[in-house]
Amino acid sequence: MTPSCAATCSKPPAKKPTTWPGRSSGSTPWAPGDHLAWTQQRLDALGARPSLLNPLWFAGAFALGLAAAKVSDRVSLGFVVETENQVAQHLQGHLARLPADDLASRAVVSRMKDDEERHAASARDAGAMALPAPARLMMKMAAKVMTTTAHYV
Ligand SMILES: [Fe+2]
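Being a predicted model, the structure only gives us computed values, none of them experimental.

Time to look at the overall build of the chain. Along its length, the chain carries six helices and zero strands. Sequence-ordered secondary structure for the chain, helices as α and strands as β, is α-α-α-α-α-α. Each of the 153 residues in the chain was classed as buried or not, and the buried ones make up 18%.

Attention shifts here to the packing of helix 2 (residues 33-46) against helix 5 (residues 103-125). At their nearest, the axes of helix 2 and helix 5 sit 10 Å apart, and the two run at 165° to each other. Overall, the two elements helix 2 and helix 5 adopt an arrangement that is roughly antiparallel. In this structure, helix 2 meets helix 5 at a crossing whose hand is left-handed. In this structure, helix 2 contributes His 35, Trp 38, Thr 39 and Arg 42 to the contact, and helix 5 contributes Ala 104, Ser 105, Val 108 and Met 112. Looking at the contact of helix 2 with helix 5, its residues break down into four nonpolar, three polar and one charged.

Time to look at helix 5. In this model helix 5 runs 33 Å from its N-terminal to its C-terminal C-alpha over 23 residues, within 8% of the 33 Å that 1.5 Å per residue would give. Taken from the residues just after helix 5, Gly 127 is the one with a positive phi, measuring 110°.

Analysis parameters
Residues numbered from 1 in each chain as written. Predicted model: local features only at pLDDT ≥ 70, side-chain atom pairs only at ≥ 80, totals over all residues. Helix = DSSP H or I, 4+ residues; strand = E, 2+ residues; numbered from the N terminus. Buried ≥ 20, exposed ≤ 12 C-beta atoms within 10 Å, placed from the backbone. Axes fitted to C-alpha atoms, helices over the stretch in contact; angles between N-to-C directions. Parallel < 35°, antiparallel > 145°, perpendicular 65-115°, else oblique. Left-handed = near helix turned anticlockwise from the far one by under 90°. Contact = placed C-beta atoms within 7 Å. Nonpolar A, V, L, I, M, F, W, Y, C, P; charged D, E, K, R; others polar. Expected span 1.5 Å × (residues − 1).

Put into structure tokens, the structure is as follows:
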């Protein structure tokens, strides 16, 4: 598969693609830029654009992650676990709504969901504490605001 394949492929990439943007070989560790690059590639292919609010969401996520890291490693890892779990659920919702024949988009979303689930497991294995229910609820509400507004703006 080539990076441009995502726009025209009739079949999904392998579960562990090695030629997506930001990945030079199969042994290269996952890089945060991969998901952004894959998403931008699909948006470009579909003639769409990312949300104009993205810089705001990135800044907010960075600030929340920084605040969690200041508390403790276990809290920071707990924040990662909850974030990854919520993102994976969100991506599952996309998989349920994406057209069955949009194999390129489905491959990207499916691979991202797998990655997020793996990140959550890694953070859990590294000693994450379970966040209290109110914190998880607040994160869900913030994510709902982000995903809802991103759809329109
Ligand atoms: Fe992740």
